[in-house]
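# Structural description and commentary
Next come the chains, spelled out residue by residue.
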Amino acid sequence: MPSETTDGGTGATEFDPAGNVKPTDSNTIAEITAWLDAHSIDHTGKTVKADLLALVPAE
């Protein structure tokens with residue numbers, strides 16, 4: 001199953017929090033927290049994008 005989907009030809013992609021593609025600085029805070037939730041990573045008390053991205057495993 002792909003981790004990003006296109007929107008039917010306009011070229012935009014939709015981030016899939018349950019997928020294998022890790023969030024980056026280009027993702028919204030909501031997308032990053034959804035990814036962390038989907039991967040059972042605790043982000044309690046973290047509200048800044050950089051702090052949330054620091055919780056995403058490198059591998």
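Anyway, here's the lowdown on the structure attached to this text.

Calculation criteria
- Residues numbered from 1 in each chain as written.
- Predicted model: local features only at pLDDT ≥ 70, side-chain atom pairs only at ≥ 80, totals over all residues.
- Heavy atoms only, no water.
- Helix = DSSP H or I, 4+ residues; strand = E, 2+ residues; numbered from the N terminus.
- Contact = heavy atoms within 4.5 Å.
- Areas by Shrake-Rupley, 256 points an atom, 1.4 Å probe, with all protein chains shown as cover.
- Buried < 20%, exposed > 50% of the residue type's maximum accessible area, 1.4 Å probe, protein only.
- Arc of directions from axis to C-beta.

Helix and strand counts for the chain come out as two helices and two strands. Starting at the N terminus, the α and β elements of the chain follow one another as β-β-α-α. Long-range contacts, defined as pairs at least 24 residues apart, comprise 13% of the intrachain contacts of the chain with a sequence gap of at least 6. Surface accessibility of the chain: about 4000 Å² in total, with carbon and sulfur atoms responsible for 54%.

What follows is about helix α1 (residues 29-38). One turn of an α-helix holds 3.6 residues; hence residues three or four places apart share an orientation. Those residues of α1 lying buried are Ile 32, Thr 33, Trp 35 and Leu 36. What you see down the axis of α1 is that its buried residues fit within an arc of 155 degrees, all on one side. In this structure, the buried residues of α1 make contact with β2 (13-15) and α2 (49-54). Of the residues one or two after α1, Ser 40 is the one with positive phi, at around 55 degrees.

Assignment of secondary structure puts Ala 30 in helix α1. Placed 17 residues apart in sequence, Ala 30 and Thr 47 show a C-alpha to C-alpha distance of 9.9 Å.

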